[in-house]
Amino acid sequence: MSLTILTSAYRLRSLCRLQRIQAHMMSSHAEPEVLLEKVGRTGVITMNRPKVLNALNLTMIRQIYPQLKKWESDNETDIVIIKGAGDKAFCAGGDIRAVTEAGKVGDSLAQDFFREEYILNNAIGSYRKPYIALIDGITMGGGVGLSVHGRFRVATEKTLFAMPETAIGLFPDVGGGYFLPRLQGKLGLFLALTGFRLKGRDVQRAGVATHFVESKKIPDLQKELVDLKSPSAEDVFRVLDSYQSQSSLDAEKPFILKKHLSDIDRLFSASSVEGIVNNLKTEGSEFAKKQTETLSKMSPTSLKITLKQLQAGAALSLQDVLVMEYRLSQACMRGCDFYEGVRAVLVDKDQNPKWNPSTLEEVSDQMVEQCFSSLGEKDLTL
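Notes on the structure in this doc start here. Predicted model only: the values in this text are computed from it and were never measured.

What counts and what doesn't
Residues numbered from 1 in each chain as written. Predicted model: local features only at pLDDT ≥ 70, side-chain atom pairs only at ≥ 80, totals over all residues. Heavy atoms only, no water. Phe/Tyr/Trp six-rings, centres within 6.5 Å; stacked < 30°, edge-to-face > 60°. Helix = DSSP H or I, 4+ residues; strand = E, 2+ residues; numbered from the N terminus. Buried < 20%, exposed > 50% of the residue type's maximum accessible area, 1.4 Å probe, protein only. Arc of directions from axis to C-beta. Contact = heavy atoms within 4.5 Å. Pairing = 2+ DSSP bridges. Axes fitted to C-alpha atoms, helices over the stretch in contact; angles between N-to-C directions. 1 Å grid on protein atoms, 1.4 Å probe; cavity = no way out; pocket = protein on both sides within 12 Å on 5 of 7 lines; lining within 4 Å. Points joined across faces, edges and corners; volume = space filled by probe spheres on them. Nonpolar A, V, L, I, M, F, W, Y, C, P; charged D, E, K, R; others polar. Core = buried A, V, L, I, M, F, W, Y, C linked by side-chain atoms within 4.5 Å. Parallel < 35°, antiparallel > 145°, perpendicular 65-115°, else oblique. Left-handed = near helix turned anticlockwise from the far one by under 90°.

1. Remarks on the packing of aromatic side chains
Move 1: On inspection of all chains with the given rule, the structure shows ten aromatic pairs.
Move 2: Ring geometry for F152 and F237: centres 5.8 Å apart, planes at 65°, overall edge-to-face. A residue pair is termed long-range when its members are at least 10 positions apart, and F152 in strand β7 (residues 152–155) and F237 in helix α10 (residues 233–245) qualify at 85 residues.
Move 3: Here the aromatic rings of F161 and F179 are separated by 6.5 Å at their centres, their planes lie at 75°, and the arrangement is edge-to-face. Placement of the pair is F161 in strand β8 (residues 160–162) and F179 in helix α6 (residues 176–179), with a sequence separation of 18 residues. Considered together, F161 and F179 belong to a single accessibility category, that of buried residues.
Move 4: An aromatic cluster is present here, built from F113, F114, Y118 and Y326 joined pairwise through their rings.

Given below as structure tokens:
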């Protein structure tokens, strides 16, 4: 009896918290959360939540998507630029806390957020006009989804890229299963499993960004792009190339992972996560030890889902990857590691999640397979 009361109280508390979050999301802000403006013949999207590092929420997705579609078919719009407000972040990720609260009480936000975010990712990936993401600052999770599938991605020395989802019981979604396996060798898998952070010019060297431009030159770059007359993708490319050639900052520094690339290819080529961990332990180098330690902190379920996601995604279209990832997102909503990961990393910040199952060996192939199962009529349709 007392357990039932406790469960009810917990659900009620979560529901109240969710209602507060939703009320906050729906409340009329003095400042809009996303700015959508036409500057000449350029559509400009600005994520406008600098205090929370421009975290992406459902309200923003529901404003950006229809505007993007409108500009795509509008003869008066030539290109689209997307950027973040403030000087810290492009977009540090999705508003995961709101999704967590929703998932706990079975609120539809846990489905709607992922569904509509992935539909937006797909729209960016298939956009017919030049789409330029100015990833000047922190770009993680949902921010990667808003940029990496576009034709042009401009990093600066302030760019910090990572897909740190395995640390919160999730997986590198927003089309991570598409772009990560297409990076050089096993680099994408390494970034996906470890959440390794890339900074500045290294974001371009890894193949995540198409260009590197110094942060102070970004306003001039944007003005020059806006001033282009009926530009083709080649015209945009030329402007970006010219700004890149004027940006010599850190040019002499080698890619941070350069000396480890062949090791990454070799160590991360095992067909199972256990195999990768075993390779790392056998290797015993400082680099290998560090990665072993990192992986030991991640959700074992997330690691196994992520490996299978990237193995499958390597041969799929972006659309098919997003359908697969939507299934995975809902499996994570049904599981427990996501809620525990968010609690440990984002809420209580004790950095000590209690994963369940707690070891790789306990995560069976069948458990992983189930996460990829069709949702029937609830599947994502693109």
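2. Some words on helix α9 (residues 218–227)
Move 1: Among the residues of α9, those classed as buried are I218, L221, Q222, L225 and V226. The buried residues of α9 occupy an angular sector of 135° when the element is viewed end-on, so they sit on one face. For α9, the exposed residues set more than 90 degrees away from the buried face come down to P219 and K223.
Move 2: Against β1 (34–39), β2 (42–47), β3 (79–84), β5 (131–135), β7 and α10 lie the buried residues of α9.

3. Some details on the sheet that holds β1
Either a parallel or an antiparallel arrangement is found when strands of a sheet pair, and the pairing is made through backbone hydrogen bonds.
Move 1: Taken in spatial order, the six strands make up an open sheet running β1-β2-β3-β5-β7-β10, and their pairing is mixed. Each end of this open sheet is capped by a strand with a single partner; those strands are β1 and β10 (211–212).
Move 2: Pairing of β1 with β2, which is carried by six bridges, proceeds in the antiparallel orientation. Bridge pairing in β2 links L36 to I45.
Move 3: Along the sheet, α9 makes contact with β1, β2, β3, β5 and β7, crossing β3 at roughly 160°.

4. A closer look at the environment of S329
Move 1: For S329, the location among the structural elements is in helix α15 (residues 318–334).
Move 2: When neighbours within four sequence positions are excluded, S329 is seen to be in contact with F114, Y118 and F171.

5. Structural notes on empty space enclosed by the protein
Rolling a probe over the atoms, with the probe sized like a water molecule, indicates the empty space that remains.
Move 1: Taken as a whole and judged by the stated rule, the model has one cavity of 30 Å³ or more.
Move 2: Taken as a whole, the largest cavity holds about 30 Å³ of empty space.
Move 3: For the lining of the largest cavity, the residue count by class is five nonpolar, two polar and one charged.

6. Focus on the nonpolar core
Move 1: If you look at the biggest cluster of nonpolar residues, it comprises 90 residues, and the most contacted ones within it are L68, L146, F161, L257, F268 and F338.
Move 2: Here this core gets nine residues from one element, more than from any other, and that element is α15.
Move 3: Contact partners of L146, with chain neighbours within four places excluded, come to M47, L56, I82, F90, C91, L120, N121, I124 and Y131.
Move 4: Core analysis: the next-biggest nonpolar cluster, separate from the first, contains 15 residues, I79, I132, V154 and L240 among them.

7. Here's the deal with the sheet that holds strand β9 (residues 198–199)
Move 1: Spatial strand order, β4-β6-β8-β9: four strands in an open sheet with mixed pairing. Only two strands of the sheet have a single neighbouring strand rather than two, namely β4 (89–91) and β9.

8. Re the side chain of Q330
Move 1: Locating Q330 in the fold gives a position in helix α15.
Move 2: Residue classification places Q330 among the buried residues on the basis of a relative accessible area of 8%.
Move 3: Beyond its immediate chain neighbours, meaning those up to four positions away, Q330 contacts A110, Q111, F114 and L375.

9. Regarding the packing of helix α2 (residues 58–72) against helix α4 (residues 109–125)
Move 1: The N-to-C vectors of α2 and α4 enclose an angle of 30°; their axes lie 10 Å apart at closest approach. As far as their axial angle goes, α4 and α2 are roughly parallel. Considering only the axes of α2 and α4, their crossing is left-handed. In this structure, α2 contributes L58, I61, R62, I64, Y65, L68 and K69 to the contact, and α4 contributes L109, D112, F113, E116, E117, I119, L120, A123 and I124.

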